[in-house]
Amino acid sequence: MASPKLRCSRFATTSRTHPHPSGVTIDDPFVTETNNTQKLKLSQKWKRLSSIGNHLSPWPTYTSGQTILHNRKLCSDDCRKQAGSWQLQSLDTTKPRYLEQLESYLRKELLLLDLGTDSAQELRLQVSKLRKNLAEEYLRYLSERDARKVLIADLNELRYQREDMSLAQSPGIWGEDPVKLTVALKMTRQDLARTQMELNTMKANFGDVVPRRDFEMQEKTNKDLQEQLDSLRDDYKEVCKEHEILLQLHMSTLKERDQFSSELQEIQHTSTPRPDWTKCKDVVAGGPDRWQLLAKGKNSDQLVDVLLEEIGEGLLREKDFFSGLGYEESIPPFLRFDGIVENKKPTKKDVINLLRDAWKERLTEEQKETFSDFFFNFLERRFGPADAIAWAYTIFENIKLFRSNEIMGQFYALLMGKRSESVYIKQKETVTELLKEMTNVDSENEGLLTMEQLRTVLKSTFPFKKEEKIQELMEAGGWHPNSSNADLLNYHSLFIEDEEGQSMPFVQKLWEQYMDEKDKYLEELKQQLGLELHDKVTLPKVREALMIIDSKLDKQTLNSYLSQVFQLPVTKLPEEGEEKEEDIVILLQTALERLQMADIRPMGPREQEPAS
């Protein structure tokens, strides 16, 4: 855009000519003064013009065609060359022509004014008016100049932007319309400004907001911690309850302790002192060695029985005759006699050997008669009918006295009807089977087994025994914590008997475990029935309770148990569901006592009740 040229038509020229400072002659027909006076006035006039010229502002040194560059980065070699050519141009230029004409005109006017009048007031007014006009023209010029510079800068900016966009684009799109690109750039800048404003708004509104992922993670962590806290609270409540229970137990224990302490003090004052059993070694026949053998592993109650046996043995030998007990029904059949009976006075060893022979013969026969009848017939066959009753009384008095002896105690329980014969027969069969299994494992027939082999045989023979019961049998057989699985054991030594018929600890432990299992079995039956000992129980309830505590019980064994309890033959037992079952009743105490006499044992492990 070209700058508009200022015109000086507003200043009217006169027909008078004035001398120019450059030496131009001024023609003035109205001059009346003399040459000297004119010269003086001209010299004064030039001084005033010189002083007025000093008040004019300096002329700007920008050229009309100069390009304004401010912090512009060159994008190509052509741009750099063009910029270099612009920098080489001279910055010092002359004033525009119309300003020079204006100044020349002003000088002329001042000179004419000075020559035409001597009034200083008029001169000052003209000078003031000229200065005002000059200032207005100068301001207009400055405005046009600034507009021109801005336009040049915009043109340069557009040209550089076009060059940058051309360089940034691929060769195939170099011909893109610069106007379109300019518009696109403008719109992009507007979008950028709007996006920046939205971003600032988002930062202001959501500066303290966390991302959803972090929030969900924190929420999950908080949930886990809350669950842990709830669990710990529940545990704490349980611990508090247990603590209260422990406090109550502690208080009850303190009361019991105080009670026991008072009872102990009372016992210490009123009771007799504990006997010194070592005094018996000098009284018992056989001396200290025999007493030590008799007292080994026995408590005070058992030691009392030992002493009674020793005392009774002496009295029994001193007695020559026994008095017959008569023929009452309460008297065992083999003792039914009225009169005096001779005491045969056998030794303890002779009685034990006689009982062993009786057991061997009993096991070989069909067992059609009762055990008491068999025993009396055995004595008749051994000693004759005349001496049979005497030997019956003699043996009975011996086994009654020496009930702590294993074989004598068994015979006494059988003859008095306190235990079924099948109990001991089953025990002997179990021992025989166990010995057979050990012999089969002993492939070398050396009579030796390792501890590991012994454990295997016990587990296979007694599959329902728990591990602690197997361990008890191992310890009774000779195992100890320092033993290794490779240690050898003479298994025949586990089943031998001493001279008095006492079994080894291994067989005794088998018997103890059997009796413990029977007691536990009967206790479970009592709890399942939920009755007191003096209450009556029917056959269906007994059958149902037995099936519950022993689900592996077969029908034949179940009927044998019921026959033993209700003293009925198996063939006369009513079938399950018959009406007459309810009519068969018995006292619970009697039922348990009869089962205690019989050979009962669990047929399988009891099923665990589901946890609540």
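All values derive from a computational prediction rather than experimental measurement.

Here is what the cut-offs are and how they apply
- Residues numbered from 1 in each chain as written.
- Predicted model: local features only at pLDDT ≥ 70, side-chain atom pairs only at ≥ 80, totals over all residues.
- Heavy atoms only, no water.
- Helix = DSSP H or I, 4+ residues; strand = E, 2+ residues; numbered from the N terminus.
- Buried < 20%, exposed > 50% of the residue type's maximum accessible area, 1.4 Å probe, protein only.
- Contact = heavy atoms within 4.5 Å.
- Areas by Shrake-Rupley, 256 points an atom, 1.4 Å probe, with all protein chains shown as cover.
- Core = buried A, V, L, I, M, F, W, Y, C linked by side-chain atoms within 4.5 Å.
- Phe/Tyr/Trp six-rings, centres within 6.5 Å; stacked < 30°, edge-to-face > 60°.
- Lys NZ or Arg CZ within 6 Å of the ring centre and 35° of its normal.
- Arc of directions from axis to C-beta.
- Expected span 1.5 Å × (residues − 1).
- Salt bridge = Lys/Arg side-chain N within 4 Å of Asp/Glu carboxyl O.
- 1 Å grid on protein atoms, 1.4 Å probe; cavity = no way out; pocket = protein on both sides within 12 Å on 5 of 7 lines; lining within 4 Å.
- Points joined across faces, edges and corners; volume = space filled by probe spheres on them.
- Nonpolar A, V, L, I, M, F, W, Y, C, P; charged D, E, K, R; others polar.
- Axes fitted to C-alpha atoms, helices over the stretch in contact; angles between N-to-C directions.
- Left-handed = near helix turned anticlockwise from the far one by under 90°.
- Polar contact = N/O pair within 3.5 Å; in protein donor to acceptor, adjacent residues only side chain to side chain.
- pLDDT = per-residue confidence, 0-100.
- Patch = residues over 30% accessible without salt bridge, like charges linked within 9 Å, V, L, I, M, F, W, Y side chains within 5 Å.
- Lys, Arg positive; Asp, Glu negative; His and termini not counted.
- Charge placed at Lys NZ, Arg CZ, Asp CG, Glu CD.

**Q** Give a detailed account of the overall build of the chain, specifying residues and quantitative values.
**A** A count of helices and strands for the chain gives 19 helices and six strands. Counting across all 612 residues of the chain, residues that qualify as buried make up 30%. Considering only intrachain contacts with a sequence separation of at least 6, the fraction spanning at least 24 residues in the chain is 66%. Within the structure as shown, the chain displays about 41,400 Å² of accessible surface, and the carbon and sulfur contribution to it stands at 53%.

**Q** Could you give an account of the nonpolar core, with specific residues and numbers?
**A** Counting residues in hydrophobic clusters, the biggest one holds 36 residues, and the most contacted among them are L355, F375, L379, I395, I399, M408 and F411. At the level of secondary structure, the elements contributing two or more residues to this core comprise α9 (348-364), α10 (371-383), α11 (385-401), α12 (406-415) and α13 (421-441). Here I399 is in contact with L355, M408, F411, Y412 and L415, once residues within four sequence places are set aside. With 26 residues, the next largest nonpolar core counts L539, V565, I584 and A598 among its residues.

**Q** Could you give an account of unusual backbone geometry, with specific residues and numbers?
**A** One non-glycine residue with positive phi stands out, namely K345, at about 50°. Structurally, K345 is set in the loop between β2 (340-342) and α9. Positive phi is not limited to glycine here, since Q567 has a value of about 55°. With relative accessibility at 48%, the residue Q567 sits in the partly exposed group.

**Q** Requested: an account of the packing of aromatic side chains, with residues and values cited.
**A** Throughout the structure, instances matching the rule amount to 15 aromatic pairs. A centroid spacing of 5.9 Å and a plane angle of 85° characterise the contact between F334 and F375, whose relative ring orientation is edge-to-face. Note that F334 is positioned in the loop between β1 (321-323) and β2 and F375 in helix α10, a separation of 41 residues in sequence. Summarising the aromatic geometry, the rings of F495 and F506 are spaced 5.8 Å apart at their centres and angled 80° between planes, so their arrangement reads as edge-to-face. With F495 in the loop between β4 (488-490) and α16 (505-529) and F506 in helix α16, this pair connects stretches of sequence that are eleven residues apart. Three or more aromatic residues joined by ring pairs form one cluster here, namely F334, W359, F371, F374, F375, F378, F396, F411, Y412, Y424, W511 and Y514. The side chain of R362 reaches across the aromatic face of F374, ending 5.1 Å from its centre.

**Q** How would you sum up helix α14 (residues 451-461)? Please name residues and give values.
**A** All of the buried residues in α14 are M451, L454, R455, V457, L458 and T461. Down the axis of α14, the smallest arc covering the buried residues is 165°, so these residues share one side. On its buried side, α14 packs onto α13, β3 (448-450), α15 (467-476), β4 and α16.

**Q** Give a description of α13 that names residues and reports values.
**A** Here α13 is 21 residues long and its end C-alpha atoms lie 31 Å apart, about the 30 Å a rise of 1.5 Å per residue gives. Those residues of α13 that sit buried are E421, V423, Y424, I425, Q427, T430, V431, L434 and M438.

**Q** Quick rundown of the pattern of salt bridges? Include the residues and the values.
**A** Going through the model one piece at a time under the given rule, you end up with 19 salt bridges. The closest approach of N and O atoms between E342 and K344, which form a salt bridge, is 3.3 Å. Overall, the relative accessible area of 40% leaves E342 in the partly exposed class. The structure contains a network of salt bridges with shared partners spanning E342, K344 and D387.

**Q** Now, about empty space enclosed by the protein: what can you tell me, with residues and values included?
**A** Evaluated as defined, the whole model comprises three cavities of 30 Å³ or more. Forming the boundary of the largest cavity are E313, L316, R317, N343, K345, P346, T347, K348, T394, N398, L401 and F402. If you list the elements that add at least two residues to the lining of the largest cavity, you get α8 (300-318) and α11. Along the lines of polarity and charge, the residues of the lining of the largest cavity split into four nonpolar, four polar and four charged.

**Q** Would you mind going over the packing of α9 against α10 in detail, with residue names and values included?
**A** The description of two helices packed together rests on the angle between their axes and the distance between the axes. Two numbers describe how α9 lies on α10: the axes approach to 11 Å, and their chain directions differ by 115°. The handedness of the crossing between α9 and α10 comes out as right-handed. Contacts from L354, L355, D357, A358, E361 and R362 in α9 reach F371, F374, F375, F378, L379, R381, R382 and F383 in α10. Looking at the contact of α9 with α10, its residues break down into nine nonpolar, no polar and five charged.

**Q** Describe the environment of T364, naming the residues involved and giving the relevant values.
**A** By the element assignment, T364 lies in helix α9. Taking relative accessible area as the criterion, T364 reaches 66% and is therefore assigned exposed. Engagement of the side chain of T364 in a polar contact is seen with the backbone oxygen of E361, the distance being 2.7 Å.

**Q** Which residues make up the confidence of the model for the chain, and what values go with them?
**A** Averaged over every residue, the pLDDT of the chain is 78; residues scoring 70 or more account for 79%. The low-confidence segment residues 608-612 (pLDDT under 50) makes zero contacts with residues lying over four places distant or belonging to another chain.

**Q** Tell me what's going on with the side chain of E137, and back it up with residues and numbers.
**A** Residue position: E137 is located in helix α4 (residues 120-168). E137 sits in the buried class, given a relative accessible area of 8%. Among the polar contacts made by the side chain of E137, one reaches the side chain of R140 at a distance of 2.8 Å.

**Q** Can you break down the layout of surface pockets residue by residue, with the values?
**A** Here the second largest pocket is characterised by a volume of approximately 1,100 Å³. Surrounding the second largest pocket, 31 residues form its lining, F464, K465, E517, P602 and G604 being those nearest its centre. It is α16 that provides the largest number of residues to the lining of the second largest pocket, a total of eight residues. Class assignment for the residues of the lining of the second largest pocket results in eleven nonpolar, seven polar and 13 charged.

**Q** So what's going on with the environment of S483? Residues and values would help.
**A** By the element assignment, S483 lies in the loop between α15 and β4. A sequence separation of 32 residues divides S483 from M451, and the C-alpha atoms of the two residues are 8.2 Å apart.

**Q** Can you break down a negative patch on the surface residue by residue, with the values?
**A** Where like charges cluster on the molecular surface, the negative patch consists of D224, E227, D230, D234, D235, E238 and E242. Note on placement: D235 falls in helix α6 (residues 212-270). Residue D235 is classed as partly exposed on the basis of its relative accessible area of 41%.

**Q** Go over the environment of M451, please, and point to the residues and values.
**A** Position of M451 relative to the elements: it lies in helix α14. Measuring from C-alpha to C-alpha, the distance between M451 and D487 comes to 6.0 Å, with 36 residues separating the pair along the chain.

**Q** For a nonpolar patch on the surface, give the residues involved together with the corresponding values.
**A** Nonpolar side chains collect at one region of the surface, where V179, V183 and M187 lie side by side and expose about 270 Å² of accessible area between them. Summarising the element assignment, M187 is placed in helix α5 (residues 178-206).

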